[in-house]
Amino acid sequence: MSELAYKRTNVYEVADEKMMKEIFDYAEGYKTFLDAGKTEREVCQYVEEAAKAQGYKPFEFGMKLKAGDKVYYNNRGKNIYLIRIGKGDVAKDGIRIIASHIDSPRIDLKQVPLYETEGIAFGKTHYYGGIRKYQWAAIPLALHGTVVLANGTSLDVKIGDEANDPVFYISDLLPHLAAKQNAKPLGEAIGGEDLNIWFGNVPYTAAENDKDKTVKENLLRILKEKYGMEEADFLSAELSLVPAFNAKDIGFDRALIGAYGHDDRVCSYPAYTALFDEPSDERTVMVILADKEEIGSEGTTGMQCAIFTDLIDEIAASAGVSSAAVRAHSMCLSADVNAGYDPNYPEVCEKLNSAYISHGAGITKFTGARGKSGSNDANAEFVGYLRKLFNDNGVIWQTGEMGKVDVGGGGTVAKYIAKMNIDTIDIGVPVISMHSPYEVVSKADVYENYLAFRAFIK
Ligand code: MN
Ligand code: MN
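Just so it is clear, the model here is predicted, and its values are computed rather than measured. (Residues numbered from 1 in each chain as written. Chains lettered and ligands numbered in written order. Predicted model: local features only at pLDDT ≥ 70, side-chain atom pairs only at ≥ 80, totals over all residues. Heavy atoms only, no water.)

On a plain count of helices and strands, the protein comes out with 12 helices and 22 strands. In terms of overall size, the protein behaves like a compact globule, its C-alpha atoms giving a radius of gyration of 24 Å where 458 residues would be expected to give roughly 23 Å. Taking the principal axes of its C-alpha atoms as reference, the protein extends roughly 75 × 55 × 45 Å. For the protein, buried positions account for 52% of its 458 residues. For the protein, the share of sequence-separated contacts (at least 6 apart) that also reach a separation of at least 24 residues comes to 76%. With the model as given, the accessible surface of the protein reaches about 21000 Å², and the carbon-plus-sulfur share is 53%. One way to put it: in the protein the 50 positive side-chain charges average out to a point 2 Å from where the 66 negative ones average out. (Helix = DSSP H or I, 4+ residues; strand = E, 2+ residues; numbered from the N terminus. Rg over C-alpha atoms; globule rule 2.2 N^0.38 Å. Buried < 20%, exposed > 50% of the residue type's maximum accessible area, 1.4 Å probe, protein only. Contact = heavy atoms within 4.5 Å. Areas by Shrake-Rupley, 256 points an atom, 1.4 Å probe, with all protein chains shown as cover. Lys, Arg positive; Asp, Glu negative; His and termini not counted. Charge placed at Lys NZ, Arg CZ, Asp CG, Glu CD.)

Now for empty space enclosed by the protein. Scanning the entire structure with this criterion turns up three cavities of 30 Å³ or more. One number sums up the size of the largest cavity: a volume of about 40 Å³. Residue lining of the largest cavity: Gly88, Asp89, Val90, Asp93, Gly94, Glu282, Arg283 and Thr284, and that is the complete set. Per-class residue counts for the lining of the largest cavity are one nonpolar, three polar and four charged. (1 Å grid on protein atoms, 1.4 Å probe; cavity = no way out; pocket = protein on both sides within 12 Å on 5 of 7 lines; lining within 4 Å. Points joined across faces, edges and corners; volume = space filled by probe spheres on them. Nonpolar A, V, L, I, M, F, W, Y, C, P; charged D, E, K, R; others polar.)

To continue, consider the layout of surface pockets. Rolled over the atoms, a probe with the dimensions of a water molecule shows which regions are left empty. Taken as a whole, the largest pocket spans an internal volume of roughly 1200 Å³. Along its surface, the largest pocket is lined by 48 residues, and Ala339, Met402, Gly403, Gly409 and Met434 are the ones closest to its centre. Of all the elements in the fold, those that place two or more residues in the lining of the largest pocket are strand S15 (338–339), strand S16 (361–364), strand S17 (368–369), strand S19 (409–410) and strand S20 (423–428). With three residues, the single largest contributor to the lining of the largest pocket is S20. Within this model, the second largest pocket holds a volume of roughly 440 Å³. Around the second largest pocket sit 22 residues that line it, and Phe168, Phe199, Leu219, Ile222 and Leu223 are the ones nearest its centre.

Moving on, we come to the coordination of the manganese ion (ligand 2). The protein atoms donating to the manganese ion (ligand 2) are Asp263 (OD), Glu294 (OE), Glu294 (OE) and His435 (NE2), with metal-donor distances spanning 2.0 to 2.6 Å. Spacing between the donor residues of the manganese ion (ligand 2) along the chain follows D-x30-E-x140-H. Here the manganese ion (ligand 2) and the manganese ion (ligand 1) are spaced 3.3 Å apart, and both take Asp263 as a donor. Residue Asp263 is found in helix H7 (residues 262–277), and its partner His435 is found in the loop between strand S21 (430–431) and strand S22 (439–442); the two are separated by 172 residues along the sequence. An identical accessibility class is assigned to Asp263 and His435; each is buried. (Donors = N, O, S within 2.8 Å, 3.2 Å for Na, K, Ca; no water.)

The subject of this paragraph is the side chain of Asp161. As for its placement among the helices and strands, Asp161 is situated in the loop between strand S8 (154–159) and helix H5 (179–182). Among the polar contacts made by the side chain of Asp161, one reaches the side chain of Lys38 at a distance of 2.7 Å. Setting aside residues no more than four positions away along its own chain, Asp161 makes contact with Lys38, Ala142, His144, Ala244 and Asn246. (Polar contact = N/O pair within 3.5 Å; in protein donor to acceptor, adjacent residues only side chain to side chain.)

Bringing the pattern of salt bridges into the picture now. Per the stated rule, a full pass over the model turns up 27 salt bridges. The partner of Asp249 in a salt bridge is Lys31, with the nearest N and O atoms 2.8 Å apart. Here Asp249, found in strand S11 (residues 248–250), pairs with Lys31, found in helix H2 (residues 17–36); they are 218 residues apart in sequence, far enough to count as distant. Note on accessibility: Asp249 and Lys31 belong to one class, buried. Here the residues in one salt-bridge network are Glu28, Lys31, Asp249, Arg254 and Lys443, joined through shared partners. (Salt bridge = Lys/Arg side-chain N within 4 Å of Asp/Glu carboxyl O.)

Moving on to the packing of H2 against helix H12 (residues 443–457). One can describe the packing of H2 onto H12 by two numbers: an axis separation of 9 Å at closest approach and a directional angle of 90°. With respect to H12, the axis of H2 lies roughly perpendicular. In this structure, H2 contributes Met19, Glu22, Ile23, Phe24, Tyr26, Ala27 and Tyr30 to the contact, and H12 contributes Lys443, Ala444, Val446, Tyr447, Glu448 and Tyr450. Considered class by class, the residues forming the contact of H2 with H12 number 10 nonpolar, no polar and three charged. (Axes fitted to C-alpha atoms, helices over the stretch in contact; angles between N-to-C directions. Parallel < 35°, antiparallel > 145°, perpendicular 65-115°, else oblique.)

Taken across its five residues, strand S14 (residues 331–335) has five buried, putting it largely inside the fold. Here S14 runs beside S20; their pairing, made up of five bridges, is parallel. Each residue of the ladder has a partner; that of Ala335, found in S20, is Ile427. (Pairing = 2+ DSSP bridges.)

On to the nonpolar core. One finds Leu82, Tyr272, Val287, Phe390 and Phe453 to be the most contacted residues of the largest nonpolar core, which totals 63 residues. Per-element tally for this core: the top contributor is H12, with nine residues. Beyond its immediate chain neighbours, meaning those up to four positions away, Phe390 contacts Ile363, Val395, Trp397, Ile427, Ala452 and Ala455. Formed by 34 residues, the second largest nonpolar core is a distinct cluster that contains Ala121, Ile159, Ile190 and Leu241. (Core = buried A, V, L, I, M, F, W, Y, C linked by side-chain atoms within 4.5 Å.)

All quantities given are derived from atomic positions and should not be read as evidence of function.
Dropping the structure here:
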């Protein structure tokens, strides 16, 4: 092919022995991170500990920040900001921002979840984010979350990940009796109110009266004895069912990683490790691990919350410069995943403009649906800046859209940040089976994403 033509680079095709080792070693840290944090609360806690170990101190409003300061702001235990103040002029150079999210699609318990029928105790649920419901039946699920008890104290729950833990379950039909269900469209095979969690089967036979000899009563006694919980405590709880399995290498050559919640921990891990590992101290850098991206970036811990610009105001005030000037000169990588091209489903992708696994960090100039609607369409100048930056720093990258035009679409936090007058673009790792209980990414892409982030904040 002519040298004038464009061609993607397969990372594994060009990696030498040293780079292969770096890619595979980096993946081990990522897998540990994945298994330690399956909810935004757990990731927040994990990253706060990691930040403290790096010398980061908690930020308080009104604090005066100076060059060399490293601070974090843990927003309600579900969203964390890491900030490193550089030596440069923040009014002239702005802040380099990397924003990813740490919430993932899952199945949440309702506030009054418990019921019993035909001798089986169940939990009612309301799913969180975009899931294909049928994928969540007949797999082991773990229960994670936080319960605020009647006396106001909090209880953290994590059951189902350890080898000896019980797991939880959503049942599906046997093929022998599924003829009618099989005839339904896939999206209707299992409905939202069918995602009921199997919780128990042993009745409380020691009860004095017959009406209390129930499985639910036995379950309530177990909850009281083990966790000090009563049924009303579910009212003030956030409990989620997440896949019970942990991250594993996929394939004979171990090139890929299968895990729950790559979207978007696969960008969160490279974001904060790039900040910790990059020694240059010129730029002011902000790494954001946001919550609630999967349900529209709403709420106090989502990317639309004023906390984001409040923190920029604080940085500007510390330097004695205008916050508007800081924002006008800032740049942001909205670090989120994109759909990887899957040869098993070629009909949904357009081959020239798909992100391919193992072909490096994937830039998505625009998201949205039906004519780029609802998208932050980054300008050519910003793409051009990053193109040169990544090429100069040896980062392997590609571009890709989410699927064929008019087939579907999606959104990220990019548009909320761009709205604040900050040049923003989506970049991340191509994912196979996105939003399923077990998503797949390439180790090579996780590493190139990390290198891209390092180049950006250098
Ligand atoms: Mn995402
Ligand atoms: Mn998502």
